[in-house]
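# Structural description and commentary
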Amino acid sequence: MNREFIYVPIGACSVSRSPHVLCCKGIGSCIALCLYSSIRKLGMLAHILLPEGDDLNRPYFFGNLAVRSILEELNRRGISRTQVWAKLAGGANMFSNEESSINIGMRNSQAVLNYLSMYNIKVLNADLGGRSGRNVEFDLRDGTIKIFTYEKGEYFI
């Protein structure tokens, strides 16, 4: 079967099924939020820029709106939030002199984790923090996420 790679830009979300691969490049302080239904082999990847916002025309830019929008999309497809799990990557502190109180990567990570918890979405794995950007490939055949950083090379979550 042909594996198509689908690129997800900042502030966007993509939904697909196996055997496709959803991917993001250069995830720094942003969050790559991956939700997966192993029963349907369907996954969603949102490339979230900021922890919170209120622009309903751009819900995937913001953690609070992205989680809710993803759950609404799953519901439209007949998938309950109890049938999915999440994996996250990103949330890096890209600027070494950035104080923890304004560290947008840390704030993004905490916000998305809080919203997932609020909606009772199980987080299976997360690769958050650090100081370098990530490339993320979400394989919808089995829900595996391949990550590449210049610090660690290639690894899987």
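This text gives an overview of the structure that appears in the document. Being a predicted model, the structure only gives us computed values, none of them experimental.

### So, the overall build of the protein
Helix and strand counts for the protein stand at two helices and 10 strands. For the protein, the C-alpha radius of gyration of 14 Å lies close to 15 Å, the compact-globule estimate for 157 residues. Overall size of the protein, expressed as C-alpha extent along the three principal axes, is 45 × 35 × 25 Å. Among the 157 residues that make up the protein, the fraction classed as buried is 53%. Contacts spanning at least 24 positions in sequence make up 61% of the contacts within the protein whose residues lie at least 6 apart. Here the protein displays about 7800 Å² of accessible surface, and carbon together with sulfur accounts for 49% of that area. Side chains of the protein give 18 positive and 14 negative charges; the mean places of these two sets differ by 7 Å.

### A word on the packing of helix α1 (residues 63-76) against helix α2 (residues 104-118)
Contact geometry of α1 with α2 gives a least axis separation of 9 Å together with a crossing angle of 35°. Handedness of the α1/α2 crossing: right-handed. Across the interface between the two elements, Gly-63, Asn-64 and Val-67 of α1 pack against Val-112, Tyr-115 and Leu-116 of α2.

### A short note on the nonpolar core
Of all hydrophobic cores here, the largest spans 23 residues; its most connected members are Leu-33, Leu-35, Ile-70, Leu-74, Leu-116 and Ile-121. Those elements that place two or more of their residues in this core are β4 (31-37), β5 (42-48), α1, β6 (85-90) and α2. The dominant element in this core, judged by the number of residues it contributes, is α1, at five residues. With residues near it in sequence (within four places) discarded, Leu-35 still touches Leu-42, Gly-43, Met-44, Ile-70, Leu-71, Leu-74, Val-84, Trp-85, Ala-86, Ile-121 and Phe-138. By size, the runner-up hydrophobic cluster in this structure holds 20 residues, among which are Cys-34, Ala-89, Leu-140 and Ile-147.

### Quick look at the packing of aromatic side chains
What the rule picks out here adds up to four aromatic pairs. Ring geometry for Phe-61 versus Phe-62: centroids 6.3 Å apart, planes at 45°, classification tilted. What makes Phe-61 buried here is its relative accessible area of 17%. Ring geometry for Phe-148 and Tyr-150: centres 5.3 Å apart, planes at 85°, overall edge-to-face.

### A few points about the sheet that holds β5
Taking strand neighbours across the sheet as the criterion, the five strands line up as β2-β5-β4-β6-β7 in an open arrangement whose pairing is mixed. In this open sheet, the two edge strands, each paired with only one partner strand, are β2 (13-17) and β7 (122-128). Taken pair by pair, the neighbouring strands of this sheet meet at an average axis angle of 15°, ignoring direction. Packing against the sheet, α1 makes contact with β2, β4 and β5, and its axis sits at approximately 160° to β5.

### Topic: the state of the cysteines
Counted according to the given criterion, the structure contains zero disulfides. Not engaged in a disulfide, the cysteine Cys-13 finds its nearest cysteine sulfur in Cys-24; these two sulfurs lie 9.5 Å apart. Free of any disulfide, Cys-34 has its nearest neighbouring cysteine sulfur in Cys-24, separated by 7.1 Å. Judged by its relative accessible area of 0%, Cys-34 falls in the buried class.

Thresholds, definitions, all that
- Residues numbered from 1 in each chain as written.
- Predicted model: local features only at pLDDT ≥ 70, side-chain atom pairs only at ≥ 80, totals over all residues.
- Heavy atoms only, no water.
- Helix = DSSP H or I, 4+ residues; strand = E, 2+ residues; numbered from the N terminus.
- Rg over C-alpha atoms; globule rule 2.2 N^0.38 Å.
- Buried < 20%, exposed > 50% of the residue type's maximum accessible area, 1.4 Å probe, protein only.
- Contact = heavy atoms within 4.5 Å.
- Areas by Shrake-Rupley, 256 points an atom, 1.4 Å probe, with all protein chains shown as cover.
- Lys, Arg positive; Asp, Glu negative; His and termini not counted.
- Charge placed at Lys NZ, Arg CZ, Asp CG, Glu CD.
- Axes fitted to C-alpha atoms, helices over the stretch in contact; angles between N-to-C directions.
- Left-handed = near helix turned anticlockwise from the far one by under 90°.
- Core = buried A, V, L, I, M, F, W, Y, C linked by side-chain atoms within 4.5 Å.
- Phe/Tyr/Trp six-rings, centres within 6.5 Å; stacked < 30°, edge-to-face > 60°.
- Pairing = 2+ DSSP bridges.
- Disulfide = S-S within 2.5 Å.

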